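# Observations on the model geometry
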Amino acid sequence: MRRNILDSEYTVCHYTTVIQWKMLKYSLNLTGIRVTKVAMGDSSKSTSTSRSDRSTHAAKPTFAMSSDNVSISTDFSPELRGRPKAVAKVLRDSKEEPQLLPKESVQDMAKDVTYICPYIGALRGTLTVTNYRLFFKCMDREPAFVLDLPLGVVSRVEKIGGASSRGEVSYGLACKDIRNLRFAHKQMEDSLRKSIFEILMKCAFPVSNGLTIFAFEYGQVYPENGWKVYDAQAEYKRQGLPNESWRITKVNDHYELCDTYPSTLVVPVNIPDEELKRVAAFRAKGRIPVLSWIHPESQATVIRCSQPMVGVNGKRSKDDEKYLQTIMDANAQSHKLFIFDARPSVNAAANKMKGGGYESEDAYQNAELVFLDIHNIHVMRESLRKLKEVVYPNIEESHWFSNLESTHWLEHIKLILAGALRIADKVESGKTSVVVHCSDGWDRTAQLASLAMVMLDGHYRTIRGFQVLLEKEWLSFGHRFQLRIGHGDKNHTDADRSPVFLQFIDCVWQMTRQFPAAFEFNEYFLITILDHLYSCLFGTFMCNSEQQRVKEELPKKTVSLWAYINSQPEEFTNPLYVNYSNHVLFPVVSMRHLELWVGYYIRWNPRMRPQEPVHQRYKELLAKRAELQKRVEELQREVTNRSASSSSERAGSPTRSITPVQTFV
Amino acid sequence: MFDGRVLLKQVILLFWPLISTWVQGAEKIDSCQLQVLEMLSSLGSAGGKSAKPSFVSYVTPEEIKSEKEPSRKEKHPDLLPGEVVFCSASTVLKYTQDDLSQRGVFGVLLCTNFRVSFVSDEEPTEEMLFKNKLYGENDIPLSCVDNIYGDKRKLITGGLVKNKYPSKMIIHCKDLRVFQFSLSFSKEEDAKKIFQGIVHHCLEPKSLRCLFAFSYCENTSYPGSYTVENTSYPGSYSYCREHLVSRLPQYFIVPKNVSDEDLTKYQGKGLPVCVGFYLSLAHNHLYSVKTEDLSDTLPTVQDILLSYNKFKQFFLIDNTTEFWMSDMKWFSSLDNCGWLDIIRQCLQKAVEVVESLEKENTNVLIMEEGGSDLCCVVSSLVQLMLDPYYRTLLGFQSLVQKEWVAGGHAFLDRSNHLHLKDKVESPVFLLFLECVWQLQQQHGPAFQFSETYLTVLSDSVHVPVFTTFLFNNDGHRDSLLRAESPHTQRSPLNCPTVWDWSVQFDCKAQDLFTNPLYTEKPKQDTSVRKSYRPRHLRQLSLPSSAFKTPPKKGFFKDEADNLKKILGVKRLSRWMLSPSSDSPQTSSSVREFYEAWQTKPLDYHGLLLPCLDGPSIRVWMQRYLRWIHDVQILGGGPVAMLSKVSEILGEVQELQRQLDRHGCTLTSNHKGARPRAKTAAAVIAARSSVRLSSSFPFVTSRNWAFKPAIPTSLLQSLMVTGMPGNLADREDDGGPESLV
């Protein structure tokens, strides 16, 4: 709420000049609206910076708080940068229209639309639909009520009932980000004219209607090309690869071995490409076991793949058996190999009917098979649906915990974390290599491998390292984002949709809760990633595989989310981050320590919003430290200037050694 | 004459200043036109009388002193002054709690008049950072023993023991530790003696003077300046030695226009006492009073006990497998025991009272049968929410002193140190601390004290060294302490209060009681203070038994007139809304009040309200999970954050010093980040926070392998039943053909 007050001030402030802002503040004071202390602090910050800096500032709120409350930020405005003329335009029509992104165009606008807010009640205002967003503004309230959401989050639009007695038609919007919106407007007298909701239905589902997704039009230029964040070769080099046991193969350069795998793969040195092809024949969708991560000391590895094509007859493959044996041998520390099958054993067995299955311990000597009991995408989807029922719009107080338990959501989170923990434990404590797979190796396998890597490797807990992790384990290894999210697709009942990636981010959040100082990024970083998972503004989460991304020329035609995030890392930095080197995190996977991520799932409920972000105070401290540091350095320079010139070099250094500056990657 | 029972139904009239610091002297009170009453009472000794024990321990400390422990001098803990060993047994095996393999350490088990103590045969390990000076990690103060179990987890009750003793003894402590001892390796005679000794001293009824505090105080030259009165009231009250009724503090405040004769009418009926007001009142006439009978809306002390007993079972873990089994049903078990719901109800009631005071400017009369359980909870919570002073260490201490100790909360009966059958045991004070913890969780920087402080305070209730929590009321305390005094001139026995933390912890450990993120009040506010908006705030508490008239008709009758007269009020109204009695849901009014408050900018030195929605009320992890090995987050938990904050604070201070050295002070006084002189920085920085765990500072991770706890019952975990289309069996790639 408090955050919103701030945001609303931003919305006004960053379009105006410094002086205007001051006057505005003054007038706000006159009208009895209190300008908060924090707002004051921030205002001084924004007044002292140049205009371009301020737009960086303003870009902060994206649409995180575009919710049902007194006021929300209108400014999704990274595009403000370098577009001074937009300022004037926005000033003129900031009344009812949103401020548009480059290439964003208003498709329709309707006055006297009622938004039925579950927290405030009915609000009358103007609804605008562009090719990117839905924008509703109610001027009756002070400050104005604004609802601003990218169309990408809309999963379904439906007309509710017929015309009511007052001649109003009502529409419901189910959103992917755990909320539902309800609008109503007067029945059209002119039946030939399309209702705004028909326009909305067209724009919200561009793929189904033969239109282009907005990400392909959005042409914002950022200082950094986010598509360059991940370079497979560089990442493997960081891990010390290739080495005497592992090589980088080009066999999948044209996605011929496996069309859902990346072009760069790491495989054992003494398995030639020809053999890889025979192994591919025995693995579902050709997803052969490849290296994801190698322990810098013990050389134990995390290997991912898909299920073996064992079938009802218990087929075997000498090549596959030899391959796994080679993987085991590559690690001199252990004479064992753990195969983690993410599925419940029943499901793994049932897969034999379809030609799949799991490795029998007879065929794979020295291998131990463990089932991790994680359920499939359909169970997860159902669980999230129930969770939404429990948390939106209001929480039933008396049976909160029972209701939460009945969704099984946290139980699933627990199982995924427990699985990743077992993998990390085997690699770290047991110094044993592990093979992880589920059925196809792109959902549960991605969750487990990437979580284990977050536990094992501190690099993935940095802002950039986490981006690399997502690019590598999720995007390049073919988690099917397009299918799981259904970008721009109106078929909301599609059985391929599932919150697999959301679960992963939730697990990471649970870990940040348990280890508040071990992650360089903050909660807002994770929420931003999830918001842009659906927004269709950036190309990052488009398509299903690396091959498709290359074919669609995504890096050329779209902007990467990382370009946006890395343009303002201070927004996403955890002020408490302590960089422990080689520190393995073992989270506690007891329900006692798991909790529902209120900041994401219940963020639309104004009552659940923190009044002041917790990190605010840490930031204040850091700012204070920086300020003092500067003063000390200045003074020291002065002192040294006055005294003999010989010691000038040493003067600056002691402070620096005492107080390492907060590092932004 | 009253007897003690009748006194329980007295109405109290207390009138302490809500912001005690404002009371600079008696003249200020005069200026507020309030009388400080010194009431003579013939009942002064009633408290002492009622404490006459019905059961007496068969050994008194005096007797024990004579029978000396002959042989086992080499193996016993460092005894405290006045501590005497009753019995002991060697070669007792103490199981290491989290281990199923029956491994453990051998040592001597002793029972003294203070504690049950286990002294390991092995060399003592590394000194604990957060060491309690009174008892170590293998000591259990007698009052801290909750339950004792024998073989096959059979609950041992006092009377049943004859000549038998179990081979395995499990002790559950009130601070949630669990000890498991095997007696099968000791000599039969010793084992029998130690078992019976422990059971006798921990479970059977005993007399108050058998509590360790008395023999401790007699044997320590405790500095007299630490008597309760001196530390607890920052204001300068002088205390008279007589009482109106023994349950009331010696001094209390009533409106000016009430004469002492009026008050005497209330003898036996009860007397309303104002517990708080704002001195800036311009008008001292109150227009209306709302009454709130807590007995109608909040759970009874029995309910509280029942719920807590269920709740604590989740944390008294003696078996890892069971722990992980119960993990799956954790959330619904939480709901079923209702403990969090009771916390929510108390907080909600307090918010309702705050709302009336703050928004409607009415006075609130809190009533309750007895008037010293939930009244204490609610009224102290209200003051905590309204007044930033009570969120400081000193302020919180005086809040507890005035609302609980002086307010007549029957600590002795509620913690049932004496194991008397006719007393109602109930963790009411703990409930209050739980509520405070919730507030603190939600508004961290507003509190000067830390979570650790609250946890330690909750433990200290069960340490029978401090007189703070040992008595039922002030009169009881005074008469007993005087009676027990060895000096003939009848100066009361000098006993430490719990607030003298140096008795338990050294300075370094005490640093952990302060919250490094506490926002101190900005300096300039002292001037603002004077023009503080005159809030018309009063808060009253009294037991409801004075108004046992049928609530529908003739409510208050005669009493109403008297009450009006006493309070100088023109109108008395029944509590308007009590929908909470019908449903536990937050009433819409409270909801709106909270939302309206939430839209205002947050002021850590102003009104604080708790969010009461489901996810906001949490389990006090530090207190409840600290001893459970499997849920320790190694290298994580709040301490990871704390150590980083302390580090930054340390740097800020260091830089400030450097600046000062350069003869320059910062012109701008940074608003929030005024570094505290004392931080936990030094303590924590000494050890790498990677090695600290979430149970810091209570358990050090030294004896634990750095290995994760892997849930053991994963297989039985998920019962996905009743799903449409049997989702669990479906293949990941949707589509009908892929149904297995």
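Every chain's residues receive numbers from 1 upward, in the order its sequence appears when written. For this description, chains carry letters from A and ligands carry numbers from 1, given in the order in which they are written. Where totals are concerned, whole chains, interfaces and linings use all residues; where local detail is concerned, this predicted model gives features only for residues with pLDDT of at least 70, and gives and counts side-chain atom pairs only at 80 or more. Excluding hydrogens and water, the side-chain values take into account all heavy atoms of the structure.

## Digging into the overall build of chain A
- Runs of H or I in DSSP of at least four residues are treated as helices and runs of E of at least two as strands, each being numbered from the N terminus. Summing up its helical and strand segments, chain A has 24 helices and 14 strands in all.
- Residues classed as buried in chain A amount to 65% of the 665 residues present.
- In this description, contact between two residues means that some pair of their heavy atoms is separated by no more than 4.5 Å. By sequence separation, contacts in chain A at least 24 residues apart represent 71% of the contacts at least 6 residues apart.
- Using a 1.4 Å probe, the Shrake-Rupley method yields the accessible areas, and only the shown protein chains count as cover for residues. Summed over all atoms, the accessible surface of chain A reaches about 23900 Å², with 52% contributed by carbon and sulfur. The rule is simple: take the accessible area with a 1.4 Å probe, protein chains only, and divide by the maximum for that residue type; under 20% is buried, over 50% is exposed, in between is partly exposed.

## Describing the UniProt feature "active site" (unreviewed entry) in chain A
Residues and elements named next belong to chain A.
- In the numbering used here, UniProt assigns the "active site" (unreviewed entry) feature to C438.
- Positionally, C438 belongs in the loop between β14 (433–437) and α14 (444–456).
- What C438 contacts, discounting residues up to four positions off in sequence, is C305, S306, Q307, D341, A342, R343, D443, R444 and T445. UniProt positions are given in the numbering used here, feature names are shortened, and annotations may be inferred rather than shown by experiment.

## Topic: the confidence of the model for chain A
All names here are of chain A.
- Here chain A shows a mean pLDDT of 82. Residues at 70 or above account for 80%.
- Note on residues 1–93: pLDDT under 50 across the span, and 188 contacts to partners over four residues away in sequence or across chains.
- Think of pLDDT as the predictor's per-residue confidence, scored from 0 to 100. Scored below 50 in pLDDT, residues 646–665 makes 29 contacts in the model with residues more than four places away or belonging to other chains.

## Overview of the sheet that holds strand β12 (residues 337–341) of chain A
All names here are of chain A.
- The strand order β10-β11-β14-β12-β13 describes an open sheet built from 5 strands, whose pairing is mixed. The strands lining the two open edges of the sheet, one partner per strand, are β10 (290–294) and β13 (367–371). Direction aside, the axes of adjacent strands within the sheet are offset by 25° on average.
- DSSP bridges decide pairing: two strands pair if at least two such bridges lie between them. Examined bridge by bridge, β12 and β13 share 5 bridges and lie parallel to one another. Its bridge partner being in β13, D341 is matched across the sheet by F371.
- Only the stretch in contact is used when a helix axis is fitted, and all axes are lines through C-alpha atoms; the angle between N-to-C directions ranges over 0 to 180 degrees. The strands that α14 touches are β10, β11 (301–304) and β14; relative to β11, the one it contacts most, it runs at about 165°.

## Description of the packing of helix α13 (residues 409–428) of chain A against helix α17 (residues 500–514) of chain A
All names here are of chain A.
- Interaxial distance between α13 and α17 falls to 10 Å at its minimum, and their mutual angle equals 75°. Our classification of the angle between α13 and α17 gives roughly perpendicular. For the pair α13 and α17, contact is made by W409, L410, H412, I413, I416 and L417 and by L502, Q503, D506, C507, Q510 and M511, respectively.
- Residue polarity is assigned by list, with Asp, Glu, Lys and Arg as charged and Ala, Val, Leu, Ile, Met, Phe, Trp, Tyr, Cys and Pro as nonpolar; anything else, Gly included, falls into the polar class. The residue inventory of the contact of α13 with α17, partitioned by class, reads 8 nonpolar, 3 polar and 1 charged. We call two directions roughly parallel when the angle between them is under 35 degrees, roughly antiparallel when it is over 145, roughly perpendicular when it lies between 65 and 115, and oblique otherwise.

## Let's talk about the environment of A:R444
Residues and elements named next belong to chain A.
- Examined against the element boundaries, R444 turns out to sit in helix α14.
- Classification of R444 by relative accessible area gives buried; the value is 5%.
- For the pair R444 and N376, spaced 68 residues apart in sequence, the C-alpha to C-alpha distance is 8.0 Å.
- Pairs of N or O atoms are called polar contacts if they sit within 3.5 Å, as long as, within protein, a hydrogen donor faces a hydrogen acceptor (for residues adjacent in sequence, only side-chain-to-side-chain pairs). At 2.8 Å, the side chain of R444 forms a polar contact with the backbone oxygen of I374.

## Brief notes about the environment of B:E651
- Its place among the elements puts B:E651 in helix α25 (residues 638–661).
- Sequence-wise, B:E651 and B:W404 are 247 residues apart; in three dimensions their C-alpha atoms are separated by 40 Å.

## Thoughts on the pattern of salt bridges
- Here a salt bridge means any side-chain nitrogen of Lys or Arg lying within 4 Å of a carboxyl oxygen belonging to Asp or Glu. Summed over the entire model, instances satisfying the criterion amount to 48 salt bridges over all chains.
- In this structure, A:R385 and A:E389 form a salt bridge, with 2.7 Å as the shortest nitrogen-oxygen distance. Taken together, the residues A:R385 and A:E389, both in helix α11 (residues 377–391) and 4 residues apart, mark about one turn of the helix.
- Judged by its relative accessible area of 54%, A:E389 is exposed.
- B:E654 serves as the salt-bridge partner of B:R657, at 3.3 Å between the closest nitrogen and oxygen. You can see B:R657 and its partner B:E654 sitting in helix α25, 3 residues apart, about one turn around the helix.
- Accessibility expressed as a relative area gives 23% for B:E654, which makes it partly exposed.
- Taken together, the shared-partner salt bridges in this structure form one network comprising A:E104, A:R133 and A:D148.

## Examining the sheet that holds strand β8 (residues 168–173) of chain B
All names here are of chain B.
- If you trace the 8 strands from one edge of the open sheet to the other, you get β5-β4-β3-β2-β9-β8-β6-β7, paired in antiparallel fashion. Looking at the sheet topology across the chains shown, the edges are occupied by β5 (139–141) and β7 (155–156).
- Judged from the 2 bridges that link them, strand β6 (residues 145–149) and β7 form a sheet pairing that is antiparallel. Looking at β7, one finds that I148 is bridged to I156.

## Quick notes on helix α9 (residues 318–329) of chain A
- Helix span, as expected, comes to 1.5 Å for every residue beyond the first. Its 12 residues give α9(A) an end-to-end C-alpha distance of 16 Å, which sits within 8% of 16 Å, the value for a rise of 1.5 Å per residue.
- Of the residues making up α9(A), those classed as buried are A:D319, A:D320, A:E321, A:Y323, A:L324, A:T326, A:I327 and A:M328.

## A word on the nonpolar core
- Throughout, nonpolar core names a set of buried Ala, Val, Leu, Ile, Met, Phe, Trp, Tyr and Cys residues whose side chains join them through atoms within 4.5 Å. Core analysis: the largest hydrophobic core is formed by 291 residues, its most contacted members being A:F183, A:F466, A:F501, A:I529, A:Y601, B:F396 and B:F432.
- With 12 residues, α13(A) is the largest single contributor of residues to this core.
- Apart from the residues within four sequence positions on either side, A:F501 is in contact with A:L470, A:W474, A:H479, A:F481, A:I529, A:L530, A:L533 and A:F541.
- Membership of the second largest hydrophobic core comes to 28 residues, among which are B:C173, B:F181, B:I198 and B:V199.

## Brief notes about the state of the cysteines
- For this text, the term disulfide refers to a pair of cysteine sulfurs within 2.5 Å. Counted according to the given criterion, the structure contains 0 disulfides over all chains.
- With no disulfide partner, B:C111 has as its closest neighbouring cysteine sulfur the one in B:C87, 4.9 Å distant.

## Let's talk about the packing of helix α8 (residues 273–282) of chain A against α9(A)
All names here are of chain A.
- Following both chains from N to C, one finds α8 and α9 inclined at 110°, their axes separated by 8 Å at the closest point. Considered as vectors, α8 and α9 are oriented roughly perpendicular to each other. Two packed elements cross with a definite hand, and for α8 against α9 that hand is left-handed. Facing E275, L276, R278, V279 and F282 of α8, the residues of α9 in contact are D319, D320, K322 and Y323.
- For the contact of α8 with α9, a count of residues per class yields 4 nonpolar, no polar and 5 charged. By definition, any crossing whose near helix is turned counterclockwise from its far helix by less than a right angle is left-handed, and any crossing with a clockwise turn is right-handed.

## Overview of helix α10 (residues 301–313) of chain B
All names here are of chain B.
- If you check α10, its first and last C-alpha atoms are 19 Å apart, about what 13 residues at 1.5 Å a residue would give, namely 18 Å.
- Buried within α10 are the following residues: V301, I304, S307, Y308, F311 and K312. Considered in projection along α10, the buried side chains sweep an arc of 130° and stay on one side of the axis. The arc in question is formed by the directions pointing from the helix axis toward the C-beta atoms.

## Some points on the pairing of strand β6 (residues 168–175) of chain A
All names here are of chain A.
- Counting buried positions over the 8 residues of β6 gives 8, a clear majority of the element.
- Every second residue of β6 is oriented toward a common face, with E168, S170, G172 and A174 on one face and V169, Y171, L173 and C175 on the other, all of them buried.
- Where strand β5 (residues 154–160) lies against β6, 6 bridges are found, and the strand directions are antiparallel. Within β6, the position partnered with V154 by the bridge is C175.
- Here β6 pairs with strand β7 (residues 179–186) via 8 bridges, running antiparallel. Across the sheet, C175 pairs through a bridge with R179, a residue of β7.
- What sits between β6 and β7 in their antiparallel hairpin is a turn of 3 residues, with I178 showing a positive phi close to 60°.

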